[in-house]
Amino acid sequence: LVINYIYLHNMIYNSPFKLKDYSSEKLQEFKEDGVVVFGTGNFGSLVKSALEQYNIKINYFLDNNFNNWGNKFEGIHIMSAKDILKKNPSTNVLIASLNFKYLKRQLKELGIKNFYDVDFLFKNFDISKVNTKWSKGRCKVQLDLYNYSVNATREKEKLNVNSIDLVLTEKCSLKCKNCSNLMQYYEQPIDNDLDLLIKSFDNFTNAVDYCYEVRMIGGEPLMYKNIGKVIEHVLSKKNIGNIIIYTNGTIVPKGEKIKIFKNPKIYFKISDYGSHSRNVDKLEKTLSENNIHYITERVTTWQDCAKIDNFERTEETNKEIFGNCCVNETLTMLHGKLYLCPYSAHVENLKVIKPKIKEHIDLFTGSDHNLKSEIKELYFGKEFLEACKICNGRDHNVASIPAAEQTKSVLKLKKFN
């Protein structure tokens, strides 16, 4: 699948993936009774706009962010899932979130049975009418990822995953004291060994049926001298979709690397941290001149999710922390091992916690005959991780902090061995 992420010449969106078809009777029921939408934020706005185009009314929004309960989102009241259970347990709930797997489990445990995916809405969907903080290109990216992910969960016999993060290096051109990938704690950051990375990635791609996107991250991935070789190798795989290069706008690639980046399956995701991202304009100019796709987002706040502490939560709370996490299925490959999230990868790599059995997979020595089942269990079978116990959480209940505040020295680690 190759997608032009930046330019929507036609503002009518149609999913490249198969959409769920509900009966005309069910759609009529939605129209007559109205629906409840589980999820606010930018994706909730997309769903609201799509429902308006179908003439379906939203009675209430549900949200797991307790700060939103009792308030309104786009003029519509927000309540908790438990409140809707008391009000009308037979109501039709549409799940407007990429985190739909956890929300479905949550509703099922509460006894709410009538919940539905929202991919049926995205046929001839006019994106020009959407009011979100996302650009139109970003809206398309998120819709494609959602529709792919919904389809992946329906194909039970296959192992289709959303993404894998390749941590190319622990080195970074910035020194952010609240980096969610914990770069601020690395005293002697190193690059990922190229041969180890290639062999591990081969074992991964031999085990999965399809991976929608490969995300090149760090540290700062453009500091990795072998990034071109890695990208060429990834592009050789037929069961890999797109490649995203996450960068902080400090480095402008040149020469042979630019030639490699000129592939329609590649796009850059640029985080603009103002004066810290000193070369954003030059980077955008270079990418534009070479017809390389990119999305730039001005980032002023982060979630306060870089803390490492023993929060002494109950098992049920740890499940909630994990379930609401925005990276709870972000497969991360670091030094030949596969983890379920980047935080888990780095707290283990930094030796903050001891390795937990079945919470990482050794891809370098992994054998093909059981690797697929191991990845399935890691990807679909976890309710929370050991790392969740010392993580502040990564959802909208977490406080916001200024983005990219710099530190002059490496921060000290707490260890929980």
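Shown above is the structure to which this text applies.
No experiment lies behind these values; they were computed from the predicted model shown.

A.B. asks: Can you help me understand the pairing of strand β15 (residues 331-334) in this one?
C.D. replies: In summary, the side chains of a regular strand alternate between the two faces of the sheet. Going residue by residue along β15, you find Leu331 and Met333 tucked away on one face and Thr332 and Leu334 tucked away on the opposite face as well. Pairing of strand β9 (residues 160-167) with β15 involves three bridges; the strand directions are parallel. Its bridge partner lying in β15, Asp165 is registered against Thr332. With three bridges joining them, β15 and strand β16 (residues 337-339) adopt antiparallel strand pairing. Across the sheet, Met333 pairs through a bridge with Leu338, a residue of β16.

A.B. asks: How should helix α11 (residues 342-349) be read in this particular structure?
C.D. replies: Given 3.6 residues to a turn, an α-helix orients residues that are three or four positions apart in the same direction. Counting buried residues along α11, seven of its eight residues qualify, which places the element largely inside the surrounding structure. Listed as buried for α11 are Pro342, Tyr343, Ser344, Ala345, His346, Val347 and Glu348. For α11, the secondary structure elements touched by its buried residues are β9, β15, β16 and β17 (360-362). Once α11 finishes, Lys351 follows within two positions and takes phi at roughly 65°, a positive value.

A.B. asks: Mind showing me how you'd approach the pattern of salt bridges here?
C.D. replies: Counting across every chain of the model gives 22 salt bridges. Lys104 is the partner of Asp117 in a salt bridge, and the nearest nitrogen-oxygen pair spans 2.9 Å. Of this pair, Asp117 sits in the loop between β7 (115-116) and β8 (125-126) while Lys104 sits in helix α4 (residues 100-110); the two residues are 13 residues apart in sequence, bridging distant segments of the chain. Judged by relative accessible area, which is 8%, Asp117 ranks as buried. One connected set of salt bridges, linked through shared partners, spans Lys104, Asp117, Asp119 and Arg154.

A.B. asks: Explain the sheet that holds β17 here, please?
C.D. replies: By definition, the strands of a sheet pair up through backbone hydrogen bonds, in either a parallel or an antiparallel sense. Judged by pairing direction, the sheet is mixed, and its eight strands sit side by side in the order β13-β12-β11-β10-β9-β15-β16-β17 without closing on themselves. Edge positions in the sheet fall to β13 (293-298) and β17, since each has one partner strand and no second. Each neighbouring strand pair of the sheet contributes to a mean axis angle of 25°, computed without reference to strand direction. Across the face of the sheet, helix α7 (residues 227-235) comes into contact with β9, β10 (210-217), β11 (240-247) and β12 (266-272) while running at roughly 160° to β11.

A.B. asks: Sorry, what's going on with the sheet that holds strand β5 (residues 76-79) here?
C.D. replies: If you trace the six strands from one edge of the open sheet to the other, you get β4-β5-β3-β2-β6-β7, paired in mixed fashion. With one partner strand each, in any of the chains shown, β4 (72-73) and β7 form the two edges of the open sheet. Note: strand β2 (residues 35-38) against strand β6 (residues 93-95), three bridges, orientation parallel. Looking across to β6, one finds that Val36 is bridged to Val93. Contacting β2, β6 and β7, α4 runs over the sheet at an angle of about 155° to β6.

Rules used throughout
Residues numbered from 1 in each chain as written. Predicted model: local features only at pLDDT ≥ 70, side-chain atom pairs only at ≥ 80, totals over all residues. Heavy atoms only, no water. Buried < 20%, exposed > 50% of the residue type's maximum accessible area, 1.4 Å probe, protein only. Helix = DSSP H or I, 4+ residues; strand = E, 2+ residues; numbered from the N terminus. Pairing = 2+ DSSP bridges. Contact = heavy atoms within 4.5 Å. Salt bridge = Lys/Arg side-chain N within 4 Å of Asp/Glu carboxyl O. Axes fitted to C-alpha atoms, helices over the stretch in contact; angles between N-to-C directions.

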